[in-house]
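Structural overview for review
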Number of protein chains: 2
Amino acid sequence: MDPRVARSRATVLDAATAILVESGPTALTVDAVVARSGVARSTIYRHWATRDDLVGDVFDHCTPLPAPPPAELGFEAAMRHFLHDLVRQFADPKWARLMPALMALKSYEPTMGAIEQRREAMERKVSHELFTRGQREGLFGPDLDRNQATALLVGPIVFALVSGEVPITEHLADASLASFMAGVRAGAATAP
Amino acid sequence: MDPRVARSRATVLDAATAILVESGPTALTVDAVVARSGVARSTIYRHWATRDDLVGDVFDHCTPLPAPPPAELGFEAAMRHFLHDLVRQFADPKWARLMPALMALKSYEPTMGAIEQRREAMERKVSHELFTRGQREGLFGPDLDRNQATALLVGPIVFALVSGEVPITEHLADASLASFMAGVRAGAATAP
DNA sequence: ATGAAACAGTACGATACTGTCTCGTACTGG
DNA sequence: CCAGTACGAGACAGTATCGTACTGTTTCAT
């Protein structure tokens, strides 16, 4: 690949990401990227057919993917691993500001919806695999509503992100997990 | 108040709300409101100085306020009341679509930030009063992190809203509360 | 009834953004 | 070295949106 192309693409993506983080999706115009990156308008349109393609690429470029926990861990340890990874992702101020924007956009823009859906599917695949471990350990039966359980575990961390009032720390993840485990032991979460 | 004014304002707000719900904030242009409402452009600008004022009014008009639970209820019953009320709010498809948009906007637009902050302050005031009840009942000590506890209780419901994969029902609220109470009884949530 | 106010309809200037195009320059790979 | 390619700079048309101004009509309150 021509190093000039790689350099231009990287410069544009960096500038576009910065604009998106600082000022939101509507501020991400081609002219703004030109002004900020110093890359010429014609060069941008050589690499992206439309502005929307560029926006999509920026989101794609920033979207973190969940890391599957080591297979040897049991449910609780693996879920802790998973939640800590989530906390680490949310600690990145870039993604912390982009995710609410992506959440809002996905309702209106089908293009963004696809990006968010892909990320969410990955996340759900990982979390469901963890629930399978828990089921094998006899923590809960097959009647556990896994989507709801995911909400109980992940919800508090997402809430902390969008609210901004709760610090996003591993301690919060531990509290969420401890609360869930207590509920499981009390038999609450296994209700259909 | 002149009935013509009341009628115009209501017609405009209805149309603007519909546009906002269906197509998002960027689609909420003055021309779009003119086309949808049938109200003349000059009339709109007679009642709202700028487009942003109109958008703010629409959000203000749709933002639900939390109902303080009856004072005679104990912590658990009152919190259940509070969470059920939240579920009821999120069940309104209008607010369900507007809230993510407001969450995303609040990072970039200070005007929207003020609206969201006011709503959030109300909600936090109510929830903190509930925690005071729980503390009086001896469920937890004064060292309980109330913001974090709010995240544990409300987070799953908010997650259900933004994810779209979990049905927002009173059963979800009950599960969240049951999990939290189990954690409290196990002494987990009282850790600083 | 009548004056005042609100209304519909519309034209207008100003600005901003998109996507295309051209031209001359600078760089890369063979 | 040199042909091919990417690049910078900017003009351009087309469209969208905002906010203002103006005209004539309808409606309200007294």
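1. What about the layout of surface pockets?
Roughly 590 Å³ of internal volume is contained in the largest pocket. Mapped onto the lining of the largest pocket, the elements with two or more residues apiece are α4 (51-62) and α6 (93-105) of chain A together with α4 (51-62), α6 (93-105) and α7 (110-136) of chain B. Of the residues belonging to the lining of the largest pocket, the class tally is 14 nonpolar, seven polar and six charged. Empty space within the second largest pocket amounts to approximately 320 Å³. If you go around the second largest pocket, you meet 18 residues; those closest to its centre are A:K106, A:S107, B:L161, B:V162 and B:G164. For the lining of the second largest pocket, the secondary structure elements donating two or more residues are α7 (110-136) of chain A together with α5 (75-91), α6 and α8 (146-163) of chain B. Ranked by the residues each element gives to the lining of the second largest pocket, the list is headed by α7(A), at four residues. Residues belonging to the lining of the second largest pocket are distributed by class as follows: eight nonpolar, five polar and five charged.

2. Focus on the domain arrangement of chain A
Residue and element names in this part refer to chain A. Entries for chain A in the domain assignment read domain 1 (3-58) and domain 2 (63-185). Placing a centre on the C-alpha atoms of domain 1 and another on those of domain 2 gives a separation of 31 Å. Every contact between the two is made by eight residues of domain 1 and, on the other side, seven residues of domain 2. Note on domain 1 versus domain 2: buried area summed over both sides is about 630 Å², and carbon and sulfur give 77% of it.

3. A look at the interface of chain B and chain A
Contacts between the two partners involve 44 residues from chain B, matched on the other side by 44 residues from chain A. Of all residues in chain B, B:Y108, B:Q148 and B:F159 give up the largest surface area on contact with chain A, accounting jointly for 19% of the area buried on that side. For the interface between chain B and chain A, the tally reads zero salt bridges. For the interface between chain B and chain A, the tally reads nine residue pairs in polar contact (both at pLDDT 80 or more). No other element matches α8(B), which puts 12 residues into the side of chain B that touches chain A. Counted by class, the side of chain B that touches chain A contains 25 nonpolar, 13 polar and six charged residues.

4. Focus on the environment of B:V34
Residue and element names in this part refer to chain B. By secondary structure assignment, the location of V34 is in helix α2 (residues 30-37). The partly exposed category is assigned to V34, whose relative accessible area is 22%. For the pair V34 and I44, spaced 10 residues apart in sequence, the C-alpha separation works out to 8.1 Å. Ignoring any residue separated from it by four or fewer positions in sequence, one finds V34 in contact with V39, A40, R41 and I44.

5. What to know about the pattern of salt bridges
For the structure shown, the criterion picks out 30 salt bridges over all chains. A salt bridge links A:R118 to A:D60, with the shortest nitrogen-to-oxygen separation between them at 2.8 Å. With A:R118 in helix α7 and A:D60 in helix α4, this residue pair connects regions lying 58 residues apart in the sequence. A salt bridge links B:E120 to B:R124; its shortest N-O distance comes to 3.3 Å. With B:E120 and B:R124 both in helix α7 and four residues apart, the pair spans about one turn of that helix. For B:E120, a relative accessible area of 10% corresponds to the buried category. Here B:R124 falls in the partly exposed class, since its relative accessible area comes to 24%. Through salt bridges with shared partners, one network takes in A:E76, A:R80, A:D174 and A:R185.

The rules behind each value
- Residues numbered from 1 in each chain as written.
- Chains lettered and ligands numbered in written order.
- Predicted model: local features only at pLDDT ≥ 70, side-chain atom pairs only at ≥ 80, totals over all residues.
- Heavy atoms only, no water.
- 1 Å grid on protein atoms, 1.4 Å probe; cavity = no way out; pocket = protein on both sides within 12 Å on 5 of 7 lines; lining within 4 Å.
- Points joined across faces, edges and corners; volume = space filled by probe spheres on them.
- Helix = DSSP H or I, 4+ residues; strand = E, 2+ residues; numbered from the N terminus.
- Nonpolar A, V, L, I, M, F, W, Y, C, P; charged D, E, K, R; others polar.
- Domains from an automatic or database assignment.
- Contact = heavy atoms within 4.5 Å.
- Buried area = accessible area lost by both parts, 1.4 Å probe.
- Salt bridge = Lys/Arg side-chain N within 4 Å of Asp/Glu carboxyl O.
- Polar contact = N/O pair within 3.5 Å; in protein donor to acceptor, adjacent residues only side chain to side chain.
- Buried < 20%, exposed > 50% of the residue type's maximum accessible area, 1.4 Å probe, protein only.

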